[in-house]
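Here's the letter readout for the chains.
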Amino acid sequence: NYAQRVRVAGNLFTETGESAICLVGKSHLRWGKGYTCPFCGWESDWGWDGPSDEIPSECVIHNNLIHDIGVYGKQTAGVFLSLSAKNTVSHNHIYNTPRAAICINDGFHGGHLVEYNDVHDTVRETGDHGPFNSWGRERFWCRAQSHGPESHPAGDVLADATHTTVIRYNRFCDRKGWGIDLVDGSSNYHVHGNLCLGISIKLREGDYRIVENNVFVNGANPPGFHIGYEGNHDRFVRNIIVASSASDNPELDIDFQKGRSGGRIYEVIGPPKQGAWFGEWDYNLFCSDMGEFRTAAHFIRETPRRSEDYTLEQWQRLGYDRHSVYADPMFVDPDHGDYQVRSESPALKLGFTNFDLSQVGLLPDFPERWHHIDR
């Protein structure tokens, strides 16, 4: 039920039946006696008693090589966290996974640090996911709001997600799904200084997420904001988004998880019915091979459902990205993986700051004899 200050470092995990490393606390799941949403009255048949002290905490998962896992179990991860607090996942190299490389199963406690991981070639045998995935579904998660027509505030999500989880200085590379996938009520996250190549980010219903100073390049899906809570505090600021219509290829679109961005900068699905869609959305830089800003919103909570496309001017009239610019980010050397921006980049004028990923992934003291073990 709990383990404290355990260190798992310098190991090779491959061909495991399911996940590689799991930190899982005591379950407080109750069937038959759930919760009633204070906003819409939806009643669940399951519930949580809330945070417990019987949890893994202050553990460190560091400098491990994890690949070709999940031989039998596919709903798995390289590193899986559940009902735990303040754990660190750092400098791991994770690839060839059937689902996520790193998964936080719920928001109870939180306070995790995910940094300097090198992650690629994930979600190979499942869908609707990303190299990093998190779920919410704590006491205030409402299924009627998530999968139905309801639209209301998030509730007191910080009562369960008590500490901020930080995702920073990671390199996520893939060609399908979302790179950083915060879904189903995932709350209290700070996402900054990450490089996402071929993928981007998704914020499904949740609250108190800060997404700033990241670089998203040619995502199969554009940054997505789905089923937002009314009055949420989400902030998306000082990011660089480069969109490509090249992913708009029917041959790649085996299912919607592979995505067809169509050169769109954002995609909003099911925005709140009342009030602003986001807390703060500004000071971003975007660029597309289409030569123009495109964003789509799908109003799936309305009857009949409808969709709208927005130019930059129309998007700004809604109150978003009023100080953002459409321009070349001026990457230093993208062909060789250097996505820092040059000194004359307009992104710097918006407050974007370069971040160094030269130390991402395994460290020099990782056992040399395991470096080349691969299938």
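This text gives an overview of the structure that appears in the document. (Residues numbered from 1 in each chain as written. Predicted model: local features only at pLDDT ≥ 70, side-chain atom pairs only at ≥ 80, totals over all residues. Heavy atoms only, no water.)

1. Things to note about the nonpolar core
No. 1: Of all hydrophobic cores here, the largest spans 47 residues; its most connected members are Phe-132, Ile-167, Ile-180, Phe-236, Tyr-266, Trp-277 and Trp-315.
No. 2: At 3 residues, the largest contribution of residues to this core is made by strand 12 (residues 100–104).
No. 3: Not counting the four nearest positions on each side in its chain, Phe-132 is found in contact with Ile-102, Ile-104, Val-114, Ile-167, Phe-172, Gly-179, Ile-180, Asp-181, Leu-182 and Tyr-189.
No. 4: Among the nonpolar cores identified, the runner-up in size contains 16 residues, and Ala-347, Leu-350, Phe-355 and Val-360 belong to it. (Core = buried A, V, L, I, M, F, W, Y, C linked by side-chain atoms within 4.5 Å. Buried < 20%, exposed > 50% of the residue type's maximum accessible area, 1.4 Å probe, protein only. Helix = DSSP H or I, 4+ residues; strand = E, 2+ residues; numbered from the N terminus. Contact = heavy atoms within 4.5 Å.)

2. Describing unusual backbone geometry
No. 1: Of the consecutive residues Thr-303 and Pro-304, the connecting peptide bond is found in the cis state with omega at -5 degrees.
No. 2: With respect to the helices and strands, Pro-304 occurs in the loop between strand 31 (295–299) and strand 32 (306–310).
No. 3: For Asp-128, which is not a glycine, the phi torsion comes out positive at approximately 55 degrees.
No. 4: Of note, Asp-128 is situated in the loop between strand 15 (118–120) and strand 16 (132–134).
No. 5: Judged by relative accessible area, Asp-128 falls into the partly exposed class, the value being 36%.

3. Brief notes about the side chain of Arg-264
No. 1: Structurally, Arg-264 can be placed in the loop between strand 27 (240–243) and strand 28 (266–269).
No. 2: At a separation of 3.3 Å, a polar atom in the side chain of Arg-264 contacts the side chain of Glu-267.
No. 3: Those residues in contact with Arg-264, other than ones at most four positions away along the chain, are Pro-222, Ala-243, Arg-294 and Ala-296. (Polar contact = N/O pair within 3.5 Å; in protein donor to acceptor, adjacent residues only side chain to side chain.)

4. Regarding the pattern of salt bridges
No. 1: For the structure on display, the rule yields 21 salt bridges.
No. 2: Here Arg-238 and Glu-212 are joined by a salt bridge, their closest N and O atoms 2.7 Å apart. Of this pair, Arg-238 sits in the loop between strand 26 (235–237) and strand 27 while Glu-212 sits in strand 23 (residues 209–212), and the two are 26 residues apart along the sequence.
No. 3: A residue is classified by how much of its surface remains accessible, and Arg-238, at 22% relative accessible area, is partly exposed.
No. 4: The residue Glu-302 makes a salt bridge to Arg-306 at a minimum N-O spacing of 2.7 Å. (Salt bridge = Lys/Arg side-chain N within 4 Å of Asp/Glu carboxyl O.)

None of this, on its own, says anything about what the molecule does.
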